[in-house]
Amino acid sequence: MAHIITLPTFEDNRGTLSVCQNALPFDIKRFYFVYDVKQCRGGHRHKVSIQALVCLGGSCDIYIHNGTSEQTIKLHHPSQCLIIEPKDWHTMNNFSDHASLLVMSSTEYSRDDYIDDPYPTQ
């Protein structure tokens, strides 16, 4: 099931720095960011890809369903990193104004890795 990790974060009089190096359970093969979101994003799971999500500014909700349980996680601080396993059906919504969501993936993009059918509702 998806889970939050806290990124190593360093703060001093210059500001705050959060680091992904050696913190993620995979090597990053692709990254992208989502912003100016007007409607729900996601709506899929993966065959292989593991993803790490960080809301760099603002906040957003990530709904997760792994086939047996479901949860909604609010990302609201850049030191929070949500690890999404391949089996985790996920949607991203309720983006605050000016929210930016960074997504890091264990694989390069392949349409064949996507499963668009949600799990049956309980």
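The rules behind the values
- Residues numbered from 1 in each chain as written.
- Predicted model: local features only at pLDDT ≥ 70, side-chain atom pairs only at ≥ 80, totals over all residues.
- Heavy atoms only, no water.
- Core = buried A, V, L, I, M, F, W, Y, C linked by side-chain atoms within 4.5 Å.
- Buried < 20%, exposed > 50% of the residue type's maximum accessible area, 1.4 Å probe, protein only.
- Helix = DSSP H or I, 4+ residues; strand = E, 2+ residues; numbered from the N terminus.
- Pairing = 2+ DSSP bridges.
- Phe/Tyr/Trp six-rings, centres within 6.5 Å; stacked < 30°, edge-to-face > 60°.
- Lys NZ or Arg CZ within 6 Å of the ring centre and 35° of its normal.

Novice: Describe the nonpolar core, listing the residues and the values that go with them.
Specialist: Counting residues in hydrophobic clusters, the biggest one holds 16 residues, and the most contacted among them are Leu53, Ile62, Leu75, Leu82 and Leu101. Mapped by element, the contributors of at least two residues to this core are strand S6 (51-57), strand S7 (60-65), strand S8 (70-75), strand S9 (80-84) and strand S11 (100-105). The leading source of residues in this core is S7, at three residues. Ile5, Phe26, Ile83 and Leu102 belong to the second largest nonpolar core, which has 11 residues in total.

Novice: Any details on the sheet that holds S8? Residues and values, ideally.
Specialist: Ordered in space as S8-S7-S10-S5-S12, the five strands form an open sheet in which the pairing is antiparallel. The open sheet has two edge strands with one neighbour each: S8 and strand S12 (114-115). Note that strand S5 (residues 41-46) and strand S10 (residues 89-93) share three bridges and pair antiparallel. Looking at the pairing, Arg41 lines up with Met92 of S10.

Novice: Give me the packing of aromatic side chains: which residues, what numbers.
Specialist: Summed over the entire model, instances satisfying the criterion amount to two aromatic pairs. The residue whose ring lies beneath Arg45 is Tyr119, and the NZ or CZ to ring-centre distance is 4.1 Å.

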